[in-house]
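Structure at a glance
Each chain, written out:
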Amino acid sequence: MADGGDRHDADDVGLKEESIQAKTGDFSNWMSKLPPRLCCEPLKNIAIPGSHDSFSFYLDDTSEVAAGSPDTVRNLVSVFGATAKKIVHNWSVTQSLTFKEQLDHGIRYLDLRVSTRAHTSDLFFVHGLFGNTVESGLREINEWLDAHPKEVVLIDFNHFYDMSAEDHQILVLQIQQIFGDKVCPLMDIDKSALNVLWDNKWQVIVFYCHDDTTIDKTQLWPSNCIQSIWPNTTEAPKMVNRLEAYLTRGRPNDKFYVSQGVLTPTGTTILQRISSNLKDVCAPVAMKNLLFFLKNKSIGPKGINIVIADFVELDDFVSKVLALNPSE
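Parameters and conventions
- Residues numbered from 1 in each chain as written.
- Predicted model: local features only at pLDDT ≥ 70, side-chain atom pairs only at ≥ 80, totals over all residues.
- Heavy atoms only, no water.
- Helix = DSSP H or I, 4+ residues; strand = E, 2+ residues; numbered from the N terminus.
- Polar contact = N/O pair within 3.5 Å; in protein donor to acceptor, adjacent residues only side chain to side chain.
- Contact = heavy atoms within 4.5 Å.
- Buried < 20%, exposed > 50% of the residue type's maximum accessible area, 1.4 Å probe, protein only.
- Phe/Tyr/Trp six-rings, centres within 6.5 Å; stacked < 30°, edge-to-face > 60°.
- Lys NZ or Arg CZ within 6 Å of the ring centre and 35° of its normal.

Before going further, it helps to spend a moment on the side chain of N132. Within the secondary structure, N132 is located in strand β4 (residues 129-133). Here S136 takes part through its side chain, which lies 3.5 Å from a polar atom of the side chain of N132. Setting aside residues up to four positions removed in sequence, N132 forms contacts with Y58, F124, F125 and G137.

Non-glycine residue N296 carries a positive phi angle of around 65 degrees. Residue placement: N296 occurs in the loop between α13 (283-294) and β9 (306-309). Among the residues examined, N296 registers a relative accessible area of 45% and is labelled partly exposed. Phi at D315 takes a positive value of approximately 55 degrees, unusual for a residue other than glycine. Counting through the fold element by element, D315 comes out in the loop between β9 and α14 (317-322).

What follows deals with the packing of aromatic side chains. Counted by the stated rule, this structure contains 10 aromatic pairs. For the ring pair F55 and F125, a centre distance of 5.4 Å and an interplane angle of 15 degrees mean the geometry is stacked. Within this pair, whereas F55 is found in the loop between β1 (48-51) and α3 (71-80), its partner F125 is found in strand β3 (residues 120-127), the two being separated by 70 residues in sequence. Across the pair, F125 and F55 agree in class, each one buried. A cation over a ring is seen here: R117 above F124, with NZ or CZ 4.8 Å from the ring centre. A cation over a ring is seen here: R117 above F130, with NZ or CZ 4.4 Å from the ring centre.

Set out below in structure tokens:
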């Protein structure tokens, strides 16, 4: 889609025009530097860079296979052991940066998957293998927020594995205890502008994709508050076509909207390039085509909102997403 709706008097704004932050290269406080009229816009109407499987920097290549992994992965590891785990690790890691480094880099949307683990009461981030504990990750994010009081992070818990109702309650309690009064309660999405969040000292919006848990939790935003478009393909042209098709059909007015600029390797992809990894095989072509998709796009109720990618340090991804936000 060439045009994305309400352009806020910025008809020529796109990747061709850089924002103030893009020109300076400092993205650690980009929200606080937005022009006043964008600070009054709902967050669903501005461009926000995010990361896919944001925690995967922390994946442990010596861990057991995590819940949610295909049987083919489990069978491979059961036969070939540590060697197979290295392969799984190479194709499961989607980020080179820690949470803090991503946030310093300008990432403001984090994509999280959580699982229980045998022989421990701790909860863990997972993608093929186990990563760090959820508690340690959330504390890292909170410490960063303490040092950046006008930045807001959108945290999306969208996959859960082997979790009981009690496990969900434990996770919700951790969120409440770690972030405290920083958590923005569920509210009219059209009022979720930066100036409103700043006035209330809210810095975290928590999406939680488990409706039985969110039904009585006002601090959690349920799954119907966000739409995320996953192209689910190994082919870059198909990725672009699917992102374009969904945007062209018209995004919902009452939701945040995520465009996933990622390629998903199949078992065949991995077997054909078994000594390689996701960063070398899929990420560069995905990023090149994602940036092509973003050309001539705009923000607004029908435009680009959250854009996520693998290896977010590649190709000035963050600056090119933020360039969609007019600088005046």
